[in-house]
Every structure is written in C-alpha cells, then in structure tokens.
Amino acid sequence: MELPKEKLLEMYKTMVAIRGFEESLAAAVTAGVLPGFVHLGVGQEAVHVGVCSALRPSDWISSTHRDHGIILARGADIKRMRAEIFGKVTGYCKGKGGSMHLAALDKHATGCNGILGPSQTINLGIALALKKKKQADIAVVMFGDGAAHRGEFHEALNLAACWKLPALAICVNNHYAISVCFDDACAVDDIAARAAGYGMPGLVVDGNDVMAVHEAVSETAKSIRAGKGPALIELKTARWRGHFEGDPQPYRTPEQLESDKKKDPIVRFSTQLLEQGVATEAELKVLQAQAGKELQEAIEFTEKSAYPPLEEIYTDLIYEGRREVR
Amino acid sequence: MKPVGIIANPASGKDIRRLVAYGSVFDNHEKVNIVRRVILGLNSMGVPEAICMPDFYGIGIRAIEGLDVAMKISFLEMEMEGHQDDSTVAARLLHEMRVGCIITLGGDGTNRAVAKTCGDTPLLPISTGTNNVFPFMVEGTLAGIAAGVAARNPSEEGRYVKQAPRLEVRRNGDLIDLALVDVVVSKSGFIASRAMWDVSSLKEIFLCKADPENIGFSAIGGLIFGVPLAQAQGAYLSIGEGGKSVRAPIAPGLICSVPVLTYRHFSSEEEIPISHMPALIALDGERELIVPPGDALSVSLNPKGPRVVDIPLALRWAAEQGLFIEQP
C-alpha cells in the first residue's frame, strides 16, 4: 500500500482539524453558547479519516450523530459545518439540521442521523439505487456497536447480501452504547463475526490506526466495486468524551479513559510519519497551525452569520418532488 | 506429572486475508470448543492441572463452563493488553512455572510470539490461524492427549519432541526479533493491517521452512527447490525480474506469480545482510518492522529454535508403551 506524501499529510491535517473542531464544540457547550445535545467523536479521528480517504468522491456515506468528523473528512467546508451546528443560516442545512442531522449532500454525505439503526436501511436504499443505475460507486454506512444490536442491522445485511448490493457496513465499536458496556451486551467479542451469518466477509480492524483503517476500507471497496457483494468492517476504537457533552460517565473509570487516551490515533499517525521520514516535526507543526487557523476562521464566520429568518421556520422540512440520485 | 499450559489467541484467524484472499474466519466460539476438547484429552491422561492464558473474550473460562473434569483449571495472573504481547508474556510465565508443554491455538504469528519466551518448554501448536506452516491441523482431543503424553513422561520426550529452527533478525549484531517460518523484506510502507499478501512489493525472502506442501511465502521456496529444507538449512530468495517465475499459494485461495531473480540455500554459519533499505519487514506473514534508511539489518538461521511435540510420534510411542490399555 503506497500513498503519496501529499495525501498522507492531508490525512494528518484532517485528523488534527477534526480534533480541534470537536474540542471547540466541547468548549462551546461548557461555555453555554451551544445548546442541545452534542455527541463528539474525539479519539475516533482515525476512523473518520481512514474511511473517507479510501473512498471516491462519488461514493455515498451515511453516519451517526457522532460523525461530524466523517463529513469533515469528506471534504466539507468547516465554516458551513460549524455554522450548521450553531443553527446559523449559512450552515449546510440552513441551520435546521444542527449537530444531529447535519448533511452535506454536495459531498455525498447523507448526514448524521439522530436515530441509530435506520441509517443502515437508508444506506441499503442508496446501494440499491446505485446498483440499478449501474454505477461503480459504493454506499457506506457508519454505525456504533449499540446500533449493531438493532433489527435494522440484521435486515440490512441480509438484504444487501441477497441482492448483492454495493454496500459497505462499518461498525465503529467504541465499546459503549450510551452507557452500556459492549462486554455486557454482546454474546460475541466481534460484531464482524456476524458477517458469516449473512454470507459476506467480516473484518476486525484496529480503529486507532488510520493506515490500517484506510487499507481495510480500500481493499473492501475494491472488492465491492468488483461485484463481489457487500461486506462488514468493525473498527475497534474509543471515544474520549461522554456519550453526550455533560454525560458524567459513571459507567467507566478514569483509569479506563486514560488507557484509551494512550492509544491516541493522531499521536500514532504522527509517529509513523516521522519514523518513516514522510514528514518532519516542522512540517507537522505547519499543518497543525493551518488547521488551527481554519478553525478560527470558521468560528468567526459562525459568529457573524445570522439565524434563519422566522418566516422560513416551516420551509425545508418536507421534501416535495422527486429528485434523481446523483 | 507436570501441568500443561494453554495459550489461545483470540485474535488469530481474523485478519484482512478474509477479504483480499479467501481465508476462513476462525471465530472464538470454535476456539472455545477446541480448548474444551484439549482439556478433555488432557484430563483423560491424568494431567493434574491446565494453566490458561486469560483473554478478553474468555476462551478458557467459556471452555470450562459445564465441563466435568477431575483436573484443576487455573489462569495466569497477568495484565491483558489485547495484543500479541499477551501471548509472549503468558509463554514466559508458563516457562518459568516449568509446565510440561504449552499448547497454542493460533497461526504462525501466534507461535512466533510464544517462541520468543517459551525457552526449552515444548510447544504443541494447533492451527487456528490463516497461513499455518508451523502449527498442526489437528483435532483438539488428540492434541490434548499428546500434550498429556509429554507432561506425563518428560524423561522420554527425546522420542517425540523435535527442535524447530528459527530465523533471527539482528541490528548491528543485536537480536531484535525472530521468525519461525519466513522473514520477508518489502518496499517501505506502513504496518497498517499487518497481514502480508501483496507480492508486487517483495524484495527478499529468508526461509527456515520451505516445502512444496506449504502455503504462504514459504511456498515460494518450497516450489522452487522442490524438496523441504533440511534441519539447519535456510533458503534465501532475491525477488525481481530476470530469473524464474514461480506460481505459489500466498494465502488461502490467493495464487500469485512471483518473479525470483536468484535463490540459494544458506547454513547456520551465515549472517546475510538485508540489502534493500529502507524496508518494511514481515515476520511469519505479519508486517512488523519499519526499517529506516541507514539501518543495517541481517538475518541468520538458528537451528535451535522452539522445541515442538510431534503429535503422531507422541501418540505412537504412548500406544507402544501400552499407556492407553486399561487394566481389568
């Protein structure tokens, strides 16, 4: 697996940008300027960037409410992302989607989904459309270990396999379904083991290693594009923050959290880049500074943006008319 | 009679070769079943205790659920990391406890991790991996009985315990790692999903096991030489156009053409420098070492690698001794 230096550095910068973006949201919640539920993916940057860096721009991806990072990694405009989360009219969904329903259709990101589970059957529909249109693209859905226990998971895998759809299901196993520990809720140790029940390949991948994620998704996407049918990948990772901002996390110990933080995917990737001579410390610092500057510009953009006008409160709520899948 | 150690790797048999090749998933339920049958085999031979490596899935704990055996089953007291280092730590502890033998469930990679610290304690490796050159495809019950033979008759082990060779990787003369089957040098890259299957990046291959009936990179040597390597004999292959092209099974269902520029045997007296730098080095099929420019690495063959219980020999010897004949 060989990737050009430019791509590797872009992956690093995106990971840093996602971390900064999410941490700035945490600070905003703490400061009381960002109301509502916010679910952050701090610690899961290797998942976001590893998956998206392996996909084509024309592929489609659906995700959960912890996947701001997925949409950023698809190349979404960080200004419009932040504006959306703050309910501003300049946001991707004119401020009406917010954190939990943020979509960037221009990036083929159908969006975060507040209901965990149904995104898997939504993705099934996208995959069916791609197959009917004979397009070489694939439809990817991200979901957590909790959603893997819902009926939609089994229904979607079964139907995707029956119809041999170009669908890739990616379970982001961060070990906690809200407050329920994976070990207490799952009879097997790998969600990926369930793939065998639907006659498809299932892979377990270290979700804290961006290159391992990239390689697994690249090879899986290649297999799906070759018409070999759907697949299931399980990315084992950890979330560093609570289920939502403000979650006191009585279900895990500070020691567990510290242990998870030792597997920091950004530190791991930067070490790999330095060890292999791909980048110097100075080059990485430049990228960190660029990401920080872009975040600051997004913060200022959001602050200057207006809220949607009251007269538009009922527009954009119900889709009217039929539109072709692009 | 000595106790027997059991190291069952919960991560074996699940890597990316299920996708890029046609490897079967070896799920942990099946490993539980195998350990259960191993324990029943050990129990039938009167082994007093089996000492298991703990793991996050609980292969050993699940295996003994509802199992009615006279022997004691215990677990090593060790910190679990969920990494191959767990197997290395467990092997060291079991060796220090002087168990009669260590039964492993895994592939070549698992046994490599165990061989780092098992010392002269005999191994009985059961295949639950992907490419399985070192371990045996064997029914767990028979493996348990054979391990019981070894634990019960340590003074006779010369009859059924054989010494396997190992390859040693050195940096500036210092041993930094080892392999039980192959050391593969490829173009620089990332460790990523660890498993090695892409032959287009190959540069050099060192083997201490090569046989036409093998799978993996060991097969390339086996198929080009046509006969298995002798004890204390290694093989070196330089990969590149201009020589022979070998069609070899690299992974389950994955058969590739590999251009071999030169090939030769080497003895345990030689220390061969790795000539392609920077490099990514795979040990027993798993990408392990990133070698930066300027590093000087070499590979040599040590005929005194891990000691391994030969299951057919152990069972035949025990039968000849009448160990399975019950007294009226």
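The rules behind each value
Residues numbered from 1 in each chain as written. Chains lettered and ligands numbered in written order. Predicted model: local features only at pLDDT ≥ 70, side-chain atom pairs only at ≥ 80, totals over all residues. Heavy atoms only, no water. Helix = DSSP H or I, 4+ residues; strand = E, 2+ residues; numbered from the N terminus. Polar contact = N/O pair within 3.5 Å; in protein donor to acceptor, adjacent residues only side chain to side chain. Contact = heavy atoms within 4.5 Å. Pairing = 2+ DSSP bridges. Axes fitted to C-alpha atoms, helices over the stretch in contact; angles between N-to-C directions. Left-handed = near helix turned anticlockwise from the far one by under 90°. Expected span 1.5 Å × (residues − 1). Buried < 20%, exposed > 50% of the residue type's maximum accessible area, 1.4 Å probe, protein only. Salt bridge = Lys/Arg side-chain N within 4 Å of Asp/Glu carboxyl O. Buried area = accessible area lost by both parts, 1.4 Å probe. Nonpolar A, V, L, I, M, F, W, Y, C, P; charged D, E, K, R; others polar.

**Q** I'm lost on the side chain of Arg18(B) in this one. Help?
**A** Residue position: Arg18(B) is located in helix H1 (residues 17–20). Polar contacts involving the side chain of Arg18(B) include one to the side chain of Asp15(B), which spans 3.0 Å. Excluding anything up to four places from it in sequence, Arg18(B) contacts Pro201(A), Leu203(A), Gly13(B), Gly23(B), Ser24(B), Val25(B), Gly129(B) and Thr130(B).

**Q** How should I be thinking about the environment of Glu157(B) in this particular structure?
**A** All names here are of chain B. Relative to the elements of secondary structure, Glu157 occurs in the loop between helix H6 (140–152) and strand S6 (161–163). Separated by 41 residues in sequence, Glu157 and Lys116 place their C-alpha atoms 21 Å apart. Excluding its chain neighbours within four sequence positions, the residues that come into contact with Glu157 are Pro122 and Arg307. Side-chain polar atoms of Glu157 contact the side chain of Arg307, separated by 2.3 Å.

**Q** When you look at the environment of Pro57(A) in this model, what are you seeing that I'm missing?
**A** Residues and elements named next belong to chain A. By the element assignment, Pro57 lies in the loop between helix H2 (45–52) and strand S1 (60–62). Put simply, Pro57 and Lys107 are 50 residues apart on the chain and 6.9 Å apart in space, counted from C-alpha to C-alpha. Once you skip the residues sitting within four places of it in the chain, Pro57 turns out to touch Arg74 and His108.

**Q** I would appreciate a short explanation of the sheet that holds strand S13 (residues 271–273) of chain B in the present structure.
**A** The strands making up a sheet are joined through hydrogen bonds of the backbone, oriented either antiparallel or parallel. Residues and elements named next belong to chain B. If you trace the 4 strands from one edge of the open sheet to the other, you get S8-S7-S16-S13, paired in antiparallel fashion. With one partner strand each, in any of the chains shown, strand S8 (174–179) and S13 form the two edges of the open sheet. Sheet twist, expressed as the mean angle between neighbouring strand axes with direction ignored, is 30°. Pairing analysis gives 6 bridges linking strand S7 (residues 166–171) to strand S16 (residues 297–302), with the strands arranged antiparallel. The partner of Val169 across the bridge, within S16, is Val299.

**Q** When you look at the packing of H6(B) against helix H8 (residues 311–320) of chain B in this model, what are you seeing that I'm missing?
**A** For any two helices packed against each other, one specifies the crossing angle of their axes together with the interaxial distance. Residues and elements named next belong to chain B. Relative to each other, H6 and H8 sit at 65°, their axes nearing to 9 Å. Considering the relative orientation of H6 and H8, their crossing is left-handed. Contacts from Leu142, Ile145, Ala146 and Val149 in H6 reach Ile311, Ala314, Leu315, Trp317 and Ala318 in H8.

**Q** What am I meant to see in helix H11 (residues 281–304) of chain A here?
**A** What sets the pattern is the α-helix's 3.6 residues per turn: residues three or four places apart point alike. Residue and element names in this part refer to chain A. For H11, spanning 24 residues, the distance from its first C-alpha to its last is 35 Å, which sits close to the expected 34 Å at 1.5 Å a residue. Of all the residues in H11, the buried ones are Leu284, Leu287, Ala291, Leu295, Ala298, Ile299 and Thr302. At its buried positions, H11 is contacted by helix H1 (5–31), helix H4 (78–85) and helix H10 (265–275).

**Q** Looking at this model, I keep getting lost on the pattern of salt bridges. Mind explaining?
**A** Here the idea is simple: oppositely charged side chains can pair when their charged atoms come close. All names here are of chain B. Tallied over the full model, the rule gives 35 salt bridges over all chains. Across the pair Arg112 and Asp177 runs a salt bridge whose closest N-O atoms are separated by 3.0 Å. Separated by 65 residues along the polypeptide, Arg112 in helix H5 (residues 108–115) and Asp177 in strand S8 bring together distant segments of the chain. Judged by its relative accessible area of 0%, Arg112 falls in the buried class. Classification of Asp177 as buried rests on a relative accessible area of 10%. One continuous salt-bridge network, built from bridges that share partners, spans Arg112, Lys116, Asp177, Arg194 and Glu288.

**Q** I keep staring at helix H7 (residues 217–225) of chain B and nothing clicks. Help me out?
**A** Residues and elements named next belong to chain B. With respect to burial, H7 is a largely interior element, 8 of its 9 residues being buried. Looking only at H7, the buried set comprises Phe217, Ser218, Ala219, Ile220, Gly221, Gly222, Ile224 and Phe225. Tucked inside the fold, the buried residues of H7 contact strand S9 (182–187), strand S10 (202–207), strand S11 (233–251) and strand S12 (254–267).

**Q** Sorry if this is basic, but what is going on with the interface of chain B and chain A here?
**A** Chain B puts 22 residues into the contact, and the matching count from chain A is 25 residues. Here chain B and chain A share an interface that buries about 1900 Å² over both sides, 59% of which is from carbon and sulfur atoms. Connecting chain B to chain A are 1 salt bridge. Residue Arg287(B) pairs with Glu215(A) through a salt bridge whose shortest N-O separation is 2.8 Å. Applying the counting rule to chain B against chain A returns 5 residue pairs in polar contact (both at pLDDT 80 or more). Those elements that place two or more of their residues in the side of chain B that touches chain A are H1, helix H2 (28–44) and strand S15 (286–291) of chain B. It is H1(B) that provides the largest number of residues to the side of chain B that touches chain A, a total of 3 residues. Of the residues in the side of chain B that touches chain A, the class split is 11 nonpolar, 5 polar and 6 charged.

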